[in-house]
Amino acid sequence: MWRVLRRFGDAPDGLVQLVQGGRDVGEKLVDDPRIALVSATGSTAMGRSVGPRVAQRFGRVLLELGGNNAMIVCPSADIALAERAILFSAAGTAGQRCTTLRRLIVHESIAEQLIARLKHLFASVKVGDPREPDTLVGPLIDEAAYFGMAEVLGDRIERVENAPGGFYVRPAIVEAEAQQGSVLKETFAPILYVLRYSDFEQALALNNDVPQGLSSSIFTNDLREAERFLSAAGSDCGIANVNIGPSGAEIGGAFGGEKETGGGRESGSDSWRAYMRRQTNTVNYGIDLPLAQGIRFDVAP
């Protein structure tokens, strides 16, 4: 970072700073009136605490909170393309990405075929040391993440023991009869819930019927389904992708979500506005006094 700043211009000292610490450091940033804007990434619970505390001092916040991202797979979908996207977005980074795929909504006519293929892929993906070039799934971040996954899966959790230090698990597929309980929550681990649908309206309802609203995707070759998904009557998430996973090519786009995801946006063409202080200036170079909205306010001498 500093090499770039030195190369492209005279940057003042302290322009970019890194502070590492725990909750106490975060609270100081949140409560300090000199911090005009706090951009916070984390859980919904964190956002519920940070937002009101910053607002109490009339500061501003950008919140990028939880995600419970879904993919709809329609009968017309390119299944080979979809299964690659599912594997990457559900198992990549060991399910520890805000745009990780957590809910797969599959049409009942293709569900058996796709689920069987995914079970094979999930069982064969290499879990282990992420420094090895052929490893696709590395460790969970800590013991708490492991127990969070175990709380959902119970004895179905599969820990990989032949990996160096840490908590390594095999990505899991859970077929769910209904969207309730743990399916409505974000477990920061590689768990993919699979739900079936019979008509497109049902699929859209399942996509939207969770508290979070970060990312979403649909695999279809039906133009009407794709356009409906992207419309105001479609996905209610901040990111909606067609024929690419929820953790797809969002770099450069306005990144963020709706509902309990927070509503803030990072990146994208307009995100800089959130970091700026806006000021409106009127300069009168004449000798007359123009009044607001053309009002006449004459006073007798």
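Details of the structure are given in the entry above.
Residues numbered from 1 in each chain as written. Predicted model: local features only at pLDDT ≥ 70, side-chain atom pairs only at ≥ 80, totals over all residues. Heavy atoms only, no water.

A. View of the overall build of the protein. Per the secondary structure count, the protein includes 8 helices and 10 strands. Its C-alpha radius of gyration of 24 Å places the protein more than 25% over the 19 Å reference for a compact globule of 301 residues. In terms of its C-alpha atoms, the protein occupies a principal-axis envelope of roughly 90 × 45 × 40 Å. In the protein, buried positions account for 41% of the 301 residues. A separation threshold of at least 6 residues defines the contact pool for the protein, and within that pool the share at least 24 residues apart is 64%. (Helix = DSSP H or I, 4+ residues; strand = E, 2+ residues; numbered from the N terminus. Rg over C-alpha atoms; globule rule 2.2 N^0.38 Å. Buried < 20%, exposed > 50% of the residue type's maximum accessible area, 1.4 Å probe, protein only. Contact = heavy atoms within 4.5 Å.)

B. Local environment of the pattern of salt bridges. All told, the structure shown has 18 salt bridges when counted by the stated rule. Residues R23 and E27 are paired through a salt bridge, measuring 3.1 Å at the closest nitrogen-oxygen approach. One end of the pair, R23, and the other, E27, are both in helix α2 (residues 23–31), 4 residues apart, so they sit about a helical turn from each other. You can call R23 exposed: its relative accessible area is 65%. Among the ionic pairs, E258 bridges to R265, the shortest N-O distance being 2.6 Å. For E258, a relative accessible area of 32% corresponds to the partly exposed category. Here the residues in one salt-bridge network are R23, E27, D31 and R53, joined through shared partners. (Salt bridge = Lys/Arg side-chain N within 4 Å of Asp/Glu carboxyl O.)

C. Structural detail: the side chain of H107. Along the polypeptide, H107 turns up in strand β4 (residues 101–107). Its relative accessible area of 14% is what places H107 among the buried residues. There is a polar contact of 2.7 Å between the side chain of H107 and the side chain of S109. Contact partners of H107, with chain neighbours within four places excluded, come to V73, P75, Y197 and S198. (Polar contact = N/O pair within 3.5 Å; in protein donor to acceptor, adjacent residues only side chain to side chain.)

D. Summary view of a nonpolar patch on the surface. Judged by side-chain polarity, L289, L291, I295, F297 and V299 come together as a nonpolar surface patch covering roughly 570 Å² of accessible area. Looking at where V299 falls in the secondary structure, it is placed in the segment after β10 (258–259). (Patch = residues over 30% accessible without salt bridge, like charges linked within 9 Å, V, L, I, M, F, W, Y side chains within 5 Å. Areas by Shrake-Rupley, 256 points an atom, 1.4 Å probe, with all protein chains shown as cover.)

E. Highlighting the pairing of strand β3 (residues 69–73). Counting buried positions over the 5 residues of β3 gives 5, a clear majority of the element. Of the two faces of β3, the one lined by N69, M71 and V73 and the one lined by A70 and I72 are each fully buried. Bridge count for β3 against β4 is 5 bridges, and the pairing is parallel. In the strand pairing of β4, N69 is matched with L101. One crossover worth recording links β3 to the parallel β4 by way of helix α4 (residues 79–91), and it is right-handed. (Pairing = 2+ DSSP bridges. Right-handed = clockwise from strand over helix to strand, strands pointing away.)

F. Structural view of the packing of aromatic side chains. In this structure the tally under the stated criterion is 2 aromatic pairs. Ring geometry for Y146 and F147: centres 5.5 Å apart, planes at 70 degrees, overall edge-to-face. On the basis of relative accessibility, which here comes to 47%, the residue F147 falls in the partly exposed class. Centroid distance Y146 to F167: 5.5 Å. Interplanar angle 35 degrees. Geometry classified as tilted. Here Y146, found in helix α6 (residues 143–153), pairs with F167, found in the loop between α6 and β5 (172–175); they are 21 residues apart in sequence, far enough to count as distant. Of the two residues, Y146 and F167, neither departs from the other in class, the shared state being buried. An aromatic cluster is present here, built from Y146, F147 and F167 joined pairwise through their rings. Seen from the ring of Y146, R159 lies directly overhead, with NZ or CZ sitting 5.3 Å from the centre. (Phe/Tyr/Trp six-rings, centres within 6.5 Å; stacked < 30°, edge-to-face > 60°. Lys NZ or Arg CZ within 6 Å of the ring centre and 35° of its normal.)

G. Local environment of the nonpolar core. Residues I72, V73, I86 and L104 are the most contacted members of the largest nonpolar core, which totals 58 residues. Considering each element in turn, this core owes the most residues, 7 residues, to α4. Setting aside anything within four residues of it in sequence, one finds L104 in contact with M71, V73, I86, L114, L118, L192, Y193, V194 and L195. Counting residues in hydrophobic clusters, the runner-up holds 7 residues, among them V30, V38, V54 and L63. (Core = buried A, V, L, I, M, F, W, Y, C linked by side-chain atoms within 4.5 Å.)

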